[in-house]
Amino acid sequence: MITTTYDLLAGHPFMEGMTPDQLTRLAIWAHRSVFRLGGPIFEEGGRADRFWLIRDGRVRLHTRLRDRGEAIVEMLGPGTVLGWSWMFPPYRWHFGATAMEPTLAIVLDADGVRRLCDQDPVIGYELHRRFMGVVVDRLQATRQRLLDMYAGDGQ
């Protein structure tokens, strides 16, 4: 059975509640993406020009800490979204991402989706609302990891 990009979008929890028309319009800017175990997806500070809806596999979000090396921010799995930096200038990744196992995702082109959001404020509002939830979750995860790390130092 061949699954279309539309079907992959429609079956992803992040897109739950989007109308068929909205999904059809988003599917124009989407395609499948596969990452190999250990493969880098993007580097912190790099150009943020896309985002991914993870279908299968796991991705590690990480950041560099001065004098401490790399810190894991969060582990993402099926049903999650990877990448929110494409929405906000200067369009640079705030974290790095690496595939921790073979990962199937749906990748969406940032320029195309931003244009779609500008043309259709309803889609734009809906995506911004959903991504703000992702941003808050990531900030809380980062905060908790930093607190845990510093608690281990006895500070």
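Here is what the cut-offs are and how they apply
Residues numbered from 1 in each chain as written. Predicted model: local features only at pLDDT ≥ 70, side-chain atom pairs only at ≥ 80, totals over all residues. Heavy atoms only, no water. Helix = DSSP H or I, 4+ residues; strand = E, 2+ residues; numbered from the N terminus. Rg over C-alpha atoms; globule rule 2.2 N^0.38 Å. Buried < 20%, exposed > 50% of the residue type's maximum accessible area, 1.4 Å probe, protein only. Areas by Shrake-Rupley, 256 points an atom, 1.4 Å probe, with all protein chains shown as cover. Lys, Arg positive; Asp, Glu negative; His and termini not counted. Charge placed at Lys NZ, Arg CZ, Asp CG, Glu CD. Salt bridge = Lys/Arg side-chain N within 4 Å of Asp/Glu carboxyl O. Phe/Tyr/Trp six-rings, centres within 6.5 Å; stacked < 30°, edge-to-face > 60°. Arc of directions from axis to C-beta. Pairing = 2+ DSSP bridges. Contact = heavy atoms within 4.5 Å. Axes fitted to C-alpha atoms, helices over the stretch in contact; angles between N-to-C directions. Core = buried A, V, L, I, M, F, W, Y, C linked by side-chain atoms within 4.5 Å.

Looking only at helices and strands, the protein has four helices and eight strands in total. For the protein, the succession of helices and strands along the chain, N to C, is α-α-β-β-β-β-β-β-β-β-α-α. In summary, the protein has a C-alpha radius of gyration of 16 Å against a globular reference of 15 Å for 155 residues, a match within 12%. Overall size of the protein, expressed as C-alpha extent along the three principal axes, is 55 × 35 × 25 Å. Looking at the protein residue by residue over its 155 residues, the buried ones come to 45%. Carbon and sulfur atoms provide 54% of the accessible area of the protein, an area that totals close to 8,600 Å². For the protein, the separation between the mean place of its 19 positive charges and that of its 19 negative charges on side chains is 3 Å.

What follows is about the pattern of salt bridges. Applying the stated criterion across every chain yields a total of eight salt bridges. In this structure, Arg25 engages Asp120 in a salt bridge whose closest nitrogen and oxygen atoms are separated by 2.6 Å. Of this pair, Arg25 sits in helix H2 (residues 20-27) while Asp120 sits in the loop between helix H3 (110-119) and helix H4 (121-152), and the two are 95 residues apart along the sequence. The shortest N-O distance in the salt bridge between Glu126 and Arg129 comes to 2.3 Å.

So, on to the packing of aromatic side chains. Summed over all chains, the structure comprises nine aromatic pairs. Between the aromatic rings of Phe42 and Trp93, the centroid separation amounts to 3.8 Å while the plane-to-plane angle is 15°, which identifies the pairing as stacked. Pair noted here: Phe42 is in strand E2 (residues 40-42) and Trp93 is in the loop between strand E6 (81-82) and strand E7 (96-99), with a separation of 51 residues, a long-range link. For Phe42, a relative accessible area of 8% translates into the label buried. For the ring pair Trp86 and Phe131, a centre distance of 5.4 Å and an interplane angle of 80° mean the geometry is edge-to-face. Within this pair, whereas Trp86 is found in the loop between E6 and E7, its partner Phe131 is found in helix H4, the two being separated by 45 residues in sequence. Residue classification places Phe131 among the buried residues on the basis of a relative accessible area of 0%. Chaining the aromatic ring pairs together yields one cluster made of Phe14, Phe51, Trp86 and Phe131.

With that settled, the discussion passes to H2. Along H2, the positions that sit buried rather than exposed are Gln22, Leu23, Leu26 and Ala27. End-on, the buried residues of H2 take up no more than an arc of 135°, which puts them together on one face.

The next subject is the sheet that holds strand E3 (residues 50-56). Spatially, four strands are ordered E1-E8-E3-E6 in an open sheet, and the strand pairing comes out antiparallel. Two strands bound the open sheet, and with one partner strand each, they are strand E1 (30-35) and E6. Lying over the sheet, H3 contacts E3 and strand E8 (103-109), oriented at roughly 55° with respect to E8.

Turning to the nonpolar core, a few remarks are in order. Of all hydrophobic cores here, the largest spans 43 residues; its most connected members are Leu9 and Leu82. Those residues within four positions of Leu9 in sequence are excluded, and the remaining contacts are Met15, Leu23, Leu26, Ala27, Ala30, Leu53, Ile106 and Leu108.

A separate point is the pairing of E7. The two faces of E7 match: Gly96 and Thr98 on one face and Ala97 and Ala99 on the other face are all buried. Pairing of E2 with E7, which is carried by two bridges, proceeds in the antiparallel orientation. Considered in E7, the bridge of Phe42 is made with Ala97. By the bridge criterion, four bridges tie strand E4 (residues 59-65) to E7 in an arrangement that is antiparallel. Opposite Arg60, over in E7, you have Thr98 as the bridge partner.

In short, shape yes, function no, at least from these values alone.
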